[in-house]
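A structural walkthrough
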Amino acid sequence: MTSLLVIIVLVLLAVALWQLTKIFDLTQVGANSDDSQVASDNDNNVQGYLMFGFLAFIYIFTIYGLIKWGPLALHTPASEHGGLVDSLMNITWVLIFVVQAITQGLLYWFSFKYKGDKDKKALYFADNNKLEALWSVIPAVVLAGLILYGLYAWNNIMFVDKDEDTIVIELYAQQFKWTARYAGPDNVLGKANVRLIEGINTLGVDMSDPYSQDDIVVSELHIPKGKKVHFKMRSQDVLHSAYMPHFRAQMNCVPGMVTEFAFTPIYTTAEYRDLPYMVEKVAHINSIRSKKSVELVAKGETALDPYTFDYLLLCNKICGASHYNMQMKIVVDTPEEYKKWLSDKKTLAQDIKAAVAPAPVEGAAGSTDTTKVDTTAKVEAPKVAMK
Amino acid sequence: MSAEGHDHGQDHEHEHHHKETFITKYIFSIDHKMIAKQYLLTGIIMGVIGIAMSLLFRMQLAWPEESFKIFNILLGDKFAPNGVMANDVYLALVTIHGTIMVFFVLTAGLSGTFSNLLIPLQIGARDMASGFMNMISYWLFFLSAVVMLSSLFVEAGPASAGWTIYPPLSALPQAIPGSGTGMTLWLVSMAIFIASSLMGSLNYIVTVINLRTKGMSMTRLPLTIWTFFVTAVIGVISFPVLLSAALLLIFDRSFGTSFFLSDIYIAGEVLHYQGGSPVLFEHLFWFLGHPEVYIVILPAMGLVSEIMATNSRKPIFGYRAMIMSVLAIAFLSTIVWGHHMFISGMNPFLGSVFTFTTLLIAIPSAVKAFNWITTLWKGNLQFNPAMLFSIGMVSTFITGGLTGIILGDSTLDINVHDTYFVIAHFHLVMGISALYGMFAGIYHWFPKMYGRMLNKNLGYIHFWVTAVCAYGVFFPMHFIGLAGLPRRYYTNTNFPLFDDLQNVNVLITTFALVGGAFQLVFLYNFFSSIFYGKKAVQNPWKSTTLEWTTPVEHIHGNWPGEIPHVYRWPYDYSNPNYDVDFVPQNVPMKEGEEVLHH
């Protein structure tokens, strides 16, 4: 029934349009019918004013957007390098708004001012080398500045000093979840390869590697404030991207290779929750949620939980049907809390031992050589046998 | 006969004694004008499908997981049970929307239409260098479109790995259902498409180089021809690389090679792939993928330059600077692809290099924008619908281009990469801008194509609603991107953090639906004017270029008599030496007349 209605409306719309064009055509009878579809001076006038109106629309819409939606944007970076990123961003924004305001202003102002008139003749102005040079050189100079600043920041962020004292954590991505592996007291991650995945060793850690013995695998990410964290990312199946927006951090996770990103958190979760902007944002979100809850309850569904802020790790590279729900909570602790949290955790080796203990399996792990190059040998397993 | 087209000594009283049947005239035509119309029609149909898809997934984003009858009608019980769009279908729609719009509408639909129509007409040639190859090129394009659309009907659904089809997702049916038969058809379709595109491009290049009429030196070519020519060159350089990427991916998928795959554990088993790298695919893909955006936007720039000059009744400002900037953009476009890969895991040093080259491209782009604005200055602007769309194109190109300074800067890209900020940026700078260029071209050259005029008032309605809606859709999108909302999310309801973005999404979708609906005005205008439009005069816009010296009624070979000779550049509008405000290219210089431009 609804579809019939829709069809009727569409037909009526088409008829209305047809009628409209007929009326337009009739108004032009008498005029030279050949030229009737070419802009007349009257058209130029009307469209010229509309151009001016559109300029106003762009300006007002921009200002409205900045006021209304500006506060939605990410605020106060939670990492040390985030300040550098944000200040470059702000400089770039100022530049963009100035250029945008001037160029759009000129474009639509000229459109309005020089709207056509039968009695006028345009100025024959074909070229001017000085002007061309001016608007080649000015962008070049401005961009040179941006490039230099950008490269300075980029090199600062992306290259981790080998001697730097960092905490090494592996982020392991798979459809559709994140896992973290801590390097333990030796601060070196044991070797790993997806070919070694077996039982509860879901990350394929090579348990014969001495560095693996103290590795800890957890599903919640805790990091200490004020200490540089060096993430090493792996993926088990397809591309994923580890996106931590509040830390201005993102790196793809690529099957077959290890990627990395490092940053220093500067606010604990508790501190970040107390930032005025975050308090306001959370209150706003909760007012939206409670409004929605009322609707849901009316429909007989369960109400939404109130929201408290947590740092998040999101997947930001399309990775499959449930890509939109691949996330992990990040908790930034004080160094003491962090130490305590980590000390409670069992190592992977202990977990495997515990799992193996009840029914011992001969030569479970650790029987192979430490090299992982020979892993191909183990891959006779069934090939792409799809159900 | 095209080969003889260059020979001006001969009389070309046309030798089409052979009888044209319906099939040779309308279907397997080798006439460039008919082929242009075929491209346009196919492009419009694909455009309707592509835009309709975007409206569907926009509805899902605004009202997540709500039931819509229209979903059930269009997608069926399997893909939209009870009218709720399934999550992998969302990804399929996003993927096919991107593919269709980028390749089938804005590459083939735009470039194919106007290169075919205008190259012979504006350079003074009887037809393309090879009319037969031109015909094959169109029919391969048509075939690729059919294959692409047929992938919508396979059981597991069409390709769903995003239009960038990054492996391993695109290689493994275990990872997403669309990577089965759907992806195979996608790859086959693209391979055919690339073959079509290469044939077209070679034809354009050869035609422009060899078949210019007497007097038509390279520095007397209209800017349209320059952009089509350069676009074709970029296409010839970069499309084969995508073809190789597609072929290697086909090998990985079907023959067990490991070009792009390594160390994969999925669905409970280890796959045999070893030693490949998805990053290699990204490099190959973007080596086409980035030039591709210029393949899309350059022809639009050419059309807009031409239309702006004509309707401003002024020469395009800085003709040579415009050519230089097109060449500079074309060159730079081939060495900036890495800016799509700053955080792909490639060496950060490469990120520095690509930041540098990427931001350089802003310079020729700025030159173009300022030159267009200066063209308007002290003009006598004739606001035909084509002119409105041209001004609109400059506007969205600037708005979208400026945010490129953020995305092209590796440091800033870290946090906005793959968010809605990117969507807003590229839709404005190459999506909407190229679409405006295409609309401008259609409004301007419709009389040349069909011998009739489009209705201008419907054109005005079409433009203004589209202009407001385009900004209404993409301007707010920047903000939800800056809030950190990733693209390609079926819904963001799993993140309370993003709950405050929901009403922005509703606003965006509302603008999209209104804007989408008003494209019907254009469709109505287009199809009704083909049959019932006002008869066009020979040169309705009082333009200087050669296509307006041909008769309104199409003839094979374009000019009934000899091909006109060219005596001046294409932008003699309001030349102070003449009383009329335009002097066509085929008008000889007056005695003692000086050339007033560089």
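Note that the coordinates shown come from a computational prediction; the quantities given were computed from them, not determined experimentally.

A short note on the overall build of chain A
A count of helices and strands for chain A gives eight helices and ten strands. Counting over 387 residues, chain A shows a buried share of 34%. Partitioning the intrachain contacts of chain A with sequence separation of at least 6 by distance along the chain shows that 68% fall at a separation of at least 24.

Points about helix H7 (residues 223-255) of chain B
Across its 33 residues, H7 of chain B extends 46 Å between first and last C-alpha, which sits within 8% of the 48 Å expected from 1.5 Å per residue. Where H7 of chain B terminates, the next one or two residues include Gly 256 of chain B, which has phi positive at roughly 75 degrees.

Some thoughts on the interface of chain A and chain B
Between chain A and chain B, the contact holds 116 residues from the first and 125 residues from the second. Of all elements in the fold, only helix H1 (2-27), helix H2 (41-68), helix H3 (82-113), helix H4 (129-158), strand E6 (240-244), strand E7 (249-253), helix H6 (276-298) and strand E9 (311-315) of chain A reach the threshold of two or more residues within the side of chain A that touches chain B. The leading source of residues in the side of chain A that touches chain B is H4 of chain A, at 16 residues. The class makeup of the residues in the side of chain A that touches chain B is 66 nonpolar, 35 polar and 15 charged.

Some details on the UniProt feature "domain: Cytochrome oxidase subunit I profile" (unreviewed entry) in chain B
Following the UniProt record, one finds the feature "domain: Cytochrome oxidase subunit I profile" (unreviewed entry) at residues 22-567 of chain B. Measuring from the first to the last C-alpha atom of residues 22-567 of chain B gives 39 Å, for a span that is 67% helix and 1% strand.

So, the packing of helix H4 (residues 87-123) of chain B against H7 of chain B
Residue and element names in this part refer to chain B. Between H4 and H7, the shortest axis-to-axis distance is 10 Å and the interhelical angle comes to 125 degrees. Looking at the two axes, H4 sits oblique to H7. As H4 runs across H7, the sense of the crossing is left-handed. Together, Ser 111, Ser 115, Leu 118, Ile 119, Gln 122 and Ile 123 of H4 and Thr 224, Ile 225, Phe 228 and Thr 231 of H7 make up the contact between the two elements. Taken together, the residues of the contact of H4 with H7 sort by class into five nonpolar, five polar and no charged.

Quick notes on the UniProt feature "transmembrane region" (unreviewed entry) in chain A
All names here are of chain A. With numbering matched to this structure, UniProt assigns "transmembrane region" (unreviewed entry) to residues 47-67, 88-110 and 133-152. End C-alpha atoms of residues 88-110 are separated by 33 Å, and the span's content is 100% helix alongside 0% strand. Along residues 133-152 the backbone is 100% helical and 0% strand, and the end-to-end C-alpha distance reaches 28 Å.

Some details on the domain arrangement of chain A
Interfaces are frequently sized by the accessible area removed from exposure as the parts join. All names here are of chain A. Split into domains, chain A comes out as domain 1 (40-117) and domain 2 (167-271 + 308-357). For domain 1 versus domain 2, the distance between C-alpha centres works out to 42 Å. Listed by partner, the interface residues are eight residues for domain 1 and eleven residues for domain 2. For the side of domain 1 that touches domain 2, the class distribution of residues is four nonpolar, three polar and one charged.

What to know about the sheet that holds strand E1 (residues 167-174) of chain A
All names here are of chain A. Taken in spatial order, the five strands of this open sheet run E3-E2-E1-E5-E8, and their pairing is mixed. Only two strands of the sheet have a single partner each, and these edge strands are strand E3 (216-218) and strand E8 (259-263). Strand-to-strand, the axes of this sheet are offset by a mean angle of 25 degrees, without reference to chain direction. With three bridges joining them, strand E2 (residues 177-182) and E3 adopt antiparallel strand pairing. In the sheet register, Ala 180 faces E3, and the bridge partner there is Val 218.

Brief notes about the sheet that holds E9 of chain A
Hydrogen bonding along the main chain pairs the strands of a sheet, whether they run parallel or antiparallel. Residues and elements named next belong to chain A. Reading across the sheet, the five strands line up as E4-E10-E9-E6-E7 and stay open at both edges, with mixed pairing between neighbours. Of all strands in the sheet, those bounded by a partner on one side alone are strand E4 (221-224) and E7. Ignoring strand direction, the axes of neighbouring strands in this sheet form an average angle of 25 degrees. In this sheet, strand E10 (residues 327-333) lies alongside E9 in antiparallel orientation, the contact comprising four bridges. Note that in E10 the partner of Leu 313 across the bridge is Met 328. Contacting E4 and E10, helix H7 (residues 335-343) runs over the sheet at an angle of about 140 degrees to E4.

Some remarks on the environment of Ser 79 of chain A
Residue and element names in this part refer to chain A. Here Ser 79 lies in the loop between H2 and H3. Between the C-alpha atoms of Ser 79 and Pro 255, which are 176 residues apart in sequence, the distance is 27 Å. Ignoring any residue separated from it by four or fewer positions in sequence, one finds Ser 79 in contact with Phe 247, Arg 248, Ala 249, Phe 263, Thr 264, Pro 265 and Ile 266.

Side note on the nonpolar core
Ranked by internal contacts, the top residues of the largest apolar core, which has 290 residues, are Leu 171 of chain A together with Leu 169 and Ala 440 of chain B. No other element matches the 22 residues that H4 of chain B contributes to this core. Each of two domains, domain 1 (40-117) and domain 2 (167-271 + 308-357) of chain A, supplies a minimum of three residues to this core. Aside from chain neighbours lying at most four places away, what touches Leu 171 of chain A is Trp 178, Ala 180, Phe 231, Met 233, Ala 242 and Cys 253 of chain A.

Cut-offs used in this document
Residues numbered from 1 in each chain as written. Chains lettered and ligands numbered in written order. Predicted model: local features only at pLDDT ≥ 70, side-chain atom pairs only at ≥ 80, totals over all residues. Helix = DSSP H or I, 4+ residues; strand = E, 2+ residues; numbered from the N terminus. Buried ≥ 20, exposed ≤ 12 C-beta atoms within 10 Å, placed from the backbone. Contact = placed C-beta atoms within 7 Å. Expected span 1.5 Å × (residues − 1). Nonpolar A, V, L, I, M, F, W, Y, C, P; charged D, E, K, R; others polar. UniProt positions renumbered as here; feature names shortened; annotations may be inferred. Axes fitted to C-alpha atoms, helices over the stretch in contact; angles between N-to-C directions. Parallel < 35°, antiparallel > 145°, perpendicular 65-115°, else oblique. Left-handed = near helix turned anticlockwise from the far one by under 90°. Domains from an automatic or database assignment. Pairing = 2+ DSSP bridges. Core = buried A, V, L, I, M, F, W, Y, C linked by C-beta atoms within 7 Å.

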